[in-house]
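Residue strings, one per chain:
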Amino acid sequence: MYKYFPHTDDDIRQMLDVIGVNSLEDLYAEVPEELKLKKDLELPEGKSEIEVRKIIQSLAEQNKPMVCFAGGGVYDHYTPSVVPYLASRSEFSTSYTPYQAEISQGTLEYIFEYQTMMADLTGMDLSNASMYDGSTATAEAMMMCIHAAKKRNKALISSTFNPEVKRVVETYAKFHGVELIEIPEKDGVMDKAIANELIAANDVAGLLVAQPNYHGIIEDFSGLSDICHAHKTLLVINTVASALGVLRTPKEWGADIACGDAQSLGIPMNYGGPYIGYLCTNMDLVRKMPGRLVGATTDAEGKRAFVLTMQAREQHIRREKATSNICTAQGFMCLFVASYLSLMGESGLKEVNEQSYAAAHYLQEELIKTGLFEDVYPGKPFLNEVTLRYTGKDLKSLRLAMAEKGYLLGIVAEGSEDKLIVAATELRSKSEIDNLVNELKNMKAL
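Okay, the overall build of the protein chain next. A count of helical and extended segments in the protein chain gives 12 helices and 17 strands. Dimensions of the protein chain along its principal axes, counting C-alpha atoms only, are 80 × 55 × 50 Å. The 446 residues of the protein chain split such that 48% are buried. Counting contacts in the protein chain only where the partners sit at least 6 residues apart, residues at least 24 apart contribute 69% of the total. Total accessible area computed for the protein chain in this model is approximately 23,200 Å², and 53% of it derives from carbon and sulfur atoms. Across the protein chain, the 44 positively charged side chains and the 61 negatively charged ones have centroids separated by 4 Å.

The next thing to look at is the sheet that holds strand 4 (residues 179–183). Spatial ordering of the open sheet is given by 2-10-9-8-7-3-4, a layout of seven strands whose pairing is mixed. Sheet topology places strand 2 (126–127) and strand 4 at the edges, where each strand pairs with a single neighbour. Two elements, strand 3 (residues 154–158) and strand 4, share five bridges in a ladder whose sense is parallel. Bridge pairing in strand 4 places Leu 156 opposite Ile 181. Taken strand by strand, helix 4 (residues 105–122) contacts strand 2, strand 9 (257–261) and strand 10 (277–281), and its axis lies near 65 degrees from that of strand 10.

Further remarks concern the nonpolar core. Ranked by internal contacts, the top residues of the largest apolar core, which has 37 residues, are Tyr 114, Met 118, Leu 265, Ile 276, Tyr 278, Val 337 and Tyr 340. Taken together, the elements giving at least two residues each to this core come down to helix 3 (82–87), helix 4, strand 10, strand 12 (304–308) and helix 10 (331–369). The biggest single contributor to this core is helix 10, with 11 residues. By size, the runner-up hydrophobic cluster in this structure holds 31 residues, among which are Ala 137, Ala 139, Ala 141 and Val 169.

Time to look at the sheet that holds strand 13 (residues 373–375). What the four strands build is an open sheet, ordered 13-14-17-16; its pairing is antiparallel. If you trace the sheet from one side to the other, it starts and ends with strand 13 and strand 16 (411–412), each paired once.

On the surface, Val 18, Ile 19, Leu 27, Tyr 28, Val 31 and Leu 35 cluster together to form a nonpolar patch covering roughly 650 Å² of accessible area. Position of Val 31 among the secondary structure elements: in the loop between helix 1 (9–19) and helix 2 (49–60). Residue class for Val 31 comes out partly exposed when judged on its relative accessible area of 34%.

This next bit is on the packing of helix 5 (residues 134–149) against helix 6 (residues 163–176). One way to put it is that helix 5 packs onto helix 6 with a least axis distance of 8 Å and a crossing angle of 40 degrees. On the basis of the axis angle, helix 5 is oblique to helix 6. Where helix 5 crosses over helix 6, the handedness of that crossing is right-handed. The segment helix 5 lies against helix 6, with Ser 135, Thr 136, Thr 138, Ala 139, Glu 140, Met 142 and Met 143 engaging Glu 164, Val 165, Val 168, Val 169, Tyr 172, Ala 173 and His 176. Its residues assigned to classes, the contact of helix 5 with helix 6 comprises eight nonpolar, four polar and two charged.

Attention now goes to the pairing of strand 8 (residues 234–239). Counting buried positions along strand 8 gives six out of six residues, so the element sits mostly inside the fold. Side-chain alternation along strand 8 places Leu 234, Val 236 and Asn 238 on one buried face and Leu 235, Ile 237 and Thr 239 on a second face that is also buried. Handedness of the β-α-β unit built from strand 7 (residues 206–211), helix 8 (residues 224–230) and strand 8 comes out right-handed. Where strand 8 meets strand 9, three bridges bridge the pair, whose relative direction is parallel. Pairing of Val 236 across the sheet is with Ile 257, part of strand 9.

This model, assessed by the stated rule, comprises six aromatic pairs. Centroid distance Phe 92 to Tyr 110: 5.8 Å. Interplanar angle 75 degrees. Geometry classified as edge-to-face. Taken together, the residues span a long stretch of sequence, with Phe 92 in the loop between helix 3 and helix 4 and Tyr 110 in helix 4 at a distance of 18 residues. Seen from their ring centres, Phe 373 and Tyr 390 are 5.5 Å apart, and the 45 degrees between their planes marks the pair as tilted. Placement of Phe 373 in strand 13 and of Tyr 390 in strand 14 (residues 385–390) is noted, with a sequence separation of 17 residues between them. In this structure Phe 373 comes out as buried when scored by relative accessible area, which is 3%. Exposure remark for Tyr 390: the relative accessible area of 5% places this residue in the buried category. We note Arg 248 situated over the ring of Trp 253; from NZ or CZ to the ring centre the distance is 4.2 Å. Its end group placed over the ring of Phe 69, Arg 428 keeps NZ or CZ at 6.0 Å from the ring centre.

Looking now at empty space enclosed by the protein. Per the counting criterion, the structure on display carries two cavities of 30 Å³ or more. If you add up the space inside the largest cavity, you get close to 50 Å³. Contributing to the lining of the largest cavity are His 77, Pro 212, Val 240, Ser 242, Ala 243, Asn 353, Leu 383 and Asn 384. Of the residues assigned to the lining of the largest cavity, the class counts are four nonpolar, four polar and no charged. As a volume, the second largest cavity reaches approximately 40 Å³. Lining the second largest cavity we find His 215, Gly 216, Ile 217, Asp 375, Tyr 377, Lys 380, Phe 382, Val 386 and Thr 387. A class-by-class count of the residues in the lining of the second largest cavity yields four nonpolar, three polar and two charged.

For Ser 242, the location among the structural elements is in the loop between strand 8 and helix 9 (250–253). Under the relative-accessibility criterion, Ser 242 is labelled buried at 3%. Once residues lying within four places of it in the same chain are set aside, the contact partners of Ser 242 are His 77, Ser 264, Leu 265, Leu 349, Val 352 and Asn 353.

Another point: the side chain of Thr 370. Its location among the elements puts Thr 370 in the loop between helix 10 and strand 13. There is a polar contact of 2.5 Å between the side chain of Thr 370 and the backbone oxygen of Leu 367.

Rules behind the numbers
Residues numbered from 1 in each chain as written. Predicted model: local features only at pLDDT ≥ 70, side-chain atom pairs only at ≥ 80, totals over all residues. Heavy atoms only, no water. Helix = DSSP H or I, 4+ residues; strand = E, 2+ residues; numbered from the N terminus. Buried < 20%, exposed > 50% of the residue type's maximum accessible area, 1.4 Å probe, protein only. Contact = heavy atoms within 4.5 Å. Areas by Shrake-Rupley, 256 points an atom, 1.4 Å probe, with all protein chains shown as cover. Lys, Arg positive; Asp, Glu negative; His and termini not counted. Charge placed at Lys NZ, Arg CZ, Asp CG, Glu CD. Pairing = 2+ DSSP bridges. Axes fitted to C-alpha atoms, helices over the stretch in contact; angles between N-to-C directions. Core = buried A, V, L, I, M, F, W, Y, C linked by side-chain atoms within 4.5 Å. Patch = residues over 30% accessible without salt bridge, like charges linked within 9 Å, V, L, I, M, F, W, Y side chains within 5 Å. Salt bridge = Lys/Arg side-chain N within 4 Å of Asp/Glu carboxyl O. Parallel < 35°, antiparallel > 145°, perpendicular 65-115°, else oblique. Left-handed = near helix turned anticlockwise from the far one by under 90°. Nonpolar A, V, L, I, M, F, W, Y, C, P; charged D, E, K, R; others polar. Right-handed = clockwise from strand over helix to strand, strands pointing away. Phe/Tyr/Trp six-rings, centres within 6.5 Å; stacked < 30°, edge-to-face > 60°. Lys NZ or Arg CZ within 6 Å of the ring centre and 35° of its normal. 1 Å grid on protein atoms, 1.4 Å probe; cavity = no way out; pocket = protein on both sides within 12 Å on 5 of 7 lines; lining within 4 Å. Points joined across faces, edges and corners; volume = space filled by probe spheres on them. Polar contact = N/O pair within 3.5 Å; in protein donor to acceptor, adjacent residues only side chain to side chain.

Just distances and angles here, no functional claims.
Take a look at the structure:
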């Protein structure tokens, strides 16, 4: 009956004797009889390993693989084969929480390396390792601004943010009593004049901006940090992590907090997750930063070791007064990102972006040549993602038709019926783009 228990009958008898009961059934004596199941579970008969594998394979084959030309916050980048191999190494695995430093050195070490690399990538002083995804990282960044300002309860967010991220920030704001004001866009970028006017009122705790933004545009934040800091407002820049290999860093823009999603750093799309958000800041805001921080130290023998540090910020110390109640290390994802960055290095990450840039611009040009699309924001700089307007009748039907042909043709911009956001990374070859364009040319009018 209990054939999967790892204990012998003698083991079970000794444990029962210690707690003073006669049988395992006695452990459920307090459960009312009417609540107990009186029949077998409605489960299918047991199957062999071969049969189970065939069932799972048949389910997997129902997935339709498509060539991905979609982005919108999740990107189809290449994951070097050595990354999942490193992530499976037992040296990095432990069944213990990082709080037990003496038996979780492997976990603490790769979290430390992840933090170090993300701090370097953003230019900030330090990084944590506790964000579920880019949305929660952005929301936590907003709360950092509020906690740091103390008497200010207002935050600004650019309307050029990904709507999915914006909704999470709005939820945080609502249930923390934060007044969140959305700054409208102008020609595809945040209207800086309106932002400056609101900041000048001297009651704004933080300004949140996106780079590249939802439309794929690389925004110019020149002078923005000066205006923010002149009025004691913190500047938060959300950036697609991979793009930091070539774009100006948040530190160079004068940001106080950098955040975003790090999925683009070697983590497969994997049908929606799990992903990892990053959150980096300057040393003067470390006490306001949520989540876990791993530091390097030496043990009693003088050897290098790793520990969790400054834990007074965390909820397990004083839950009701904690900086945040977010509770994860995203450890496995940290290991993926750290392995990817250590393998790619500065030159590799730059090459990824150069190839993505070339692929996206070639895709844009070829789609416009078909006469089916036109540029929504002509002349605006973009990296691996661009917004186009479909000149036909039914964009939804076109995307469904292309899906049948094996192509995931971008995402429809939220709130629009004719704007399409298309993306191309280093994984998209010229021939794949040419084949996509040829299929579009052969389509009947939609």
